[in-house]
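Structural features, examined
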Amino acid sequence: MTSQGPTTPDGGPVRSRRSARGRVTAVAFSTVLALALGLSGAPAATAHAPTTGGAVVVGKKLPKCRVDDKLTRFRKLKHWDKTLLDHTLRLPKAYAPKDLVPVSRAGVAGSGSVRKLVVKDLRAMAKAAKKARSAFAVRSAYRSYATQRATFASWQRKLGYAGALKASARAGHSEHQLGTAIDLRAAGSTSSRFAGFEKTRAGTWVAKHAWKYGFVISYPAGTTAKTCYKFEPWHLRYVGKNTAKAVRKSGLTLREYLWRTHESPKTRAKQRRKPRGSDAGRETETAPTSISTGASLPRRGVGQGRWAATSRSKSSMLERS
Ligand SMILES: [Zn+2]
């Protein structure tokens with residue numbers, strides 16, 4: 001397990017940085033993105049990522065990390081353990097859990113809120129980590145659509161658009177909007193550094209045991225081609241014990257697992273034969289508009305531009321995907 005950035009995340013390849021100087025044309029933009037994210041056919045290669053073949057057959061069908069703004073299929077609050085979010089799929093802007101409680105409710109140090117349904121297992125995990133002298137604190141938990149917009153914008157200013165895409169999620173695309181994701185740091189650490197968490201006692205403990213408490217590391221080391229994000233050893237998403245166990249057993253990343261289980265055309269065809277009742281309904285928004293040409297033009301609006309409140313920028317820099 002290696003860290004992919006000594007302090008704050010690096011900006012990826014040099015060509016990604018070039019786009020940072022922003023306000024490039026849409027054509028240049030999409031070229032840069034295609035290069036940076038491997039959208040041109042070949043899987044996006046990272047230092048560790050397998051390219052083709054291997055045990056993960058489903059990877060072949062997993063959609064590429066295409067920047068788009070399609071509403072994800074499972075987007076009701078009750079779908080918290082099924083909702084797939086990536087560069088393409090997003091939540092409605094108005095998606096906001098109504099049962100958020102401070103993480104202190106789970107006896108965890110740090111700040112932020114999570115959905116109530118996370119508390120019991122989070123408490124148990126925190127207790128076990130503490131017992132193993134590997135205590136952690138929460139540095140960031142629920143983030144609204146608006147906060148995520150500011151978060152992404154601050155990373156964009158730092159890393160450029162292509163760099164920011166691998167380090168942060170555009171508004172609507174973040175697991176933090178679910179209210180079930182937490183970013184951790186070692187308890188007692190006041191460092192703003194993200195990198196290196198996997199080498200702390202808390203980091204190694206969490207990597208080994210979090211699944212037992214229903215948490216999954218959404219973006220494991222060496223899986224950028226699958227997850228679309230850099231390694232984030234500190235980012236955990238609660239999916240419940242059964243799903244976390246199944247994900248671990250599958251050897252897949254959460255994105256692959258959710259895709260295969262709930263989203264792939266094959267799964268959906270199977271489910272169509274077995275009607276699921278009214279569960280698949282839409283929530284507050286109608287599906288936008290996505291052009292399914294396979295073209296990878298960046299979408300207007302979400303995640304771009306310089307509209308983030310500057311007063312927020314500083315704290316936003318402490319937050320990631
Ligand atoms: Zn995170």
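What counts, and where the lines are drawn
- Residues numbered from 1 in each chain as written.
- Predicted model: local features only at pLDDT ≥ 70, side-chain atom pairs only at ≥ 80, totals over all residues.
- Helix = DSSP H or I, 4+ residues; strand = E, 2+ residues; numbered from the N terminus.
- Buried ≥ 20, exposed ≤ 12 C-beta atoms within 10 Å, placed from the backbone.
- Contact = placed C-beta atoms within 7 Å.
- Expected span 1.5 Å × (residues − 1).
- Core = buried A, V, L, I, M, F, W, Y, C linked by C-beta atoms within 7 Å.
- Arc of directions from axis to C-beta.
- Pairing = 2+ DSSP bridges.
- pLDDT = per-residue confidence, 0-100.

**What about the overall build of the protein?**
- Assigned secondary structure in the protein consists of 10 helices and 9 strands.
- Here the protein, with 321 residues, has 47% of them falling under the buried criterion.

**Examining the environment of Thr88**
- Residue placement: Thr88 occurs in the loop between β1 (70-71) and β2 (89-90).
- For Thr88 and Asp68, which are 20 residues apart along the polypeptide, the C-alpha to C-alpha distance reads 4.3 Å.
- Contact partners of Thr88, with chain neighbours within four places excluded, come to Pro63, Arg66, Asp68 and Lys70.

**Describing helix α3 (residues 116-131)**
- In this model, α3 (16 residues) spans 23 Å end to end at C-alpha, consistent with the 22 Å of a helix rising 1.5 Å per residue.
- Of all the residues in α3, the buried ones are Val118, Leu122, Met125, Ala126 and Ala129.
- Considering only its buried residues, α3 is in contact with β5 (113-115), β6 (136-140), α5 (201-209), β8 (215-217) and β9 (235-238).
- Looking one or two residues beyond α3, the residue adopting positive phi is Arg133, at roughly 55°.

**Concerning the nonpolar core**
- Of all hydrophobic cores here, the largest spans 54 residues; its most connected members are Leu184, Val206, Ala210, Phe215, Val216 and Leu236.
- Elements with a contribution of two residues or more to this core: α3, β6, β7 (181-186), α5, β8, β9, α7 (241-250) and α8 (254-263).
- Setting aside its immediate chain neighbours within four residues, Phe215 contacts Met125, Ala210, Leu236, Arg237, Tyr238 and Ala244.

**Observations concerning α5**
- When we look at burial in α5, the residues that qualify are Ala202, Gly203, Trp205 and Val206. Relative to the axis of α5, the buried residues are bounded by an arc of 165° and lie together on one face.

**Observations regarding the sheet that holds strand β4 (residues 109-110)**
- As summarised here, the arrangement of the 5 strands in space is β4-β6-β7-β9-β8, forming an open sheet in which the pairing is mixed. Both edges of this open sheet fall to β4 and β8, since each of them pairs with a single strand only.
- Note: β7 against β9, 3 bridges, orientation antiparallel. Across the sheet, residue Asp183 finds its bridge partner in β9, namely His235.

**Brief notes about the environment of Val206**
- Following the sequence through the fold, Val206 ends up in helix α5.
- C-beta crowding within 10 Å serves as the criterion here: with 25 such atoms nearby, Val206 is assigned to the buried category.
- As for Val206 and Ile217, which are separated by 11 residues in sequence, their C-alpha atoms are 8.8 Å apart.
- Filtering out sequence-adjacent residues up to four positions away, Val206 remains in contact with Ala129, Phe136, Leu184 and Leu236.

**What about the confidence of the model for the protein?**
- Mean pLDDT for the protein: 75, with 67% of residues reaching 70 or above.
- Of the regions scoring below 50 in pLDDT, residues 1-59 engages in 101 contacts with residues more than four places distant in sequence or in other chains.
- Overall, residues 277-316 carries pLDDT values under 50, and its contacts beyond four positions in sequence, including any with other chains, amount to 51 contacts.

**Observations regarding the environment of Ala225**
- Along the polypeptide, Ala225 turns up in helix α6 (residues 224-227).
- Sequence-wise, Ala225 and Lys64 are 161 residues apart; in three dimensions their C-alpha atoms are separated by 8.1 Å.

**A few points about the pairing of β9**
- The alternating pattern of β9 places His235 and Arg237 and Leu236 and Tyr238 on opposite faces, both of which are buried.
- In the sheet, β8 pairs with β9 via 3 bridges, with the strands oriented antiparallel. What sits directly across from Val216, in β9, is Arg237.

**Section: the pairing of β6**
- Within β6, 5 of the 5 residues are buried, leaving the element largely enclosed by the surrounding structure.
- Pairing geometry for β4 and β6, over 2 bridges, is parallel. By the bridge assignment for β6, Ala109 is matched with Ala137.
- Note: β6 against β7, 4 bridges, orientation antiparallel. Along β7, the bridge assignment pairs Val138 with Leu184.

**Here's the deal with unusual backbone geometry**
- One non-glycine residue, Arg133, lies in the positive phi region at around 55°.
- Of note, Arg133 is situated in the loop between α3 and β6.
- Of the residues examined, Arg133 has 9 C-beta atoms within 10 Å and is grouped as exposed.
- We note that Cys228 has phi near 80°; this positive angle belongs to a residue other than glycine.

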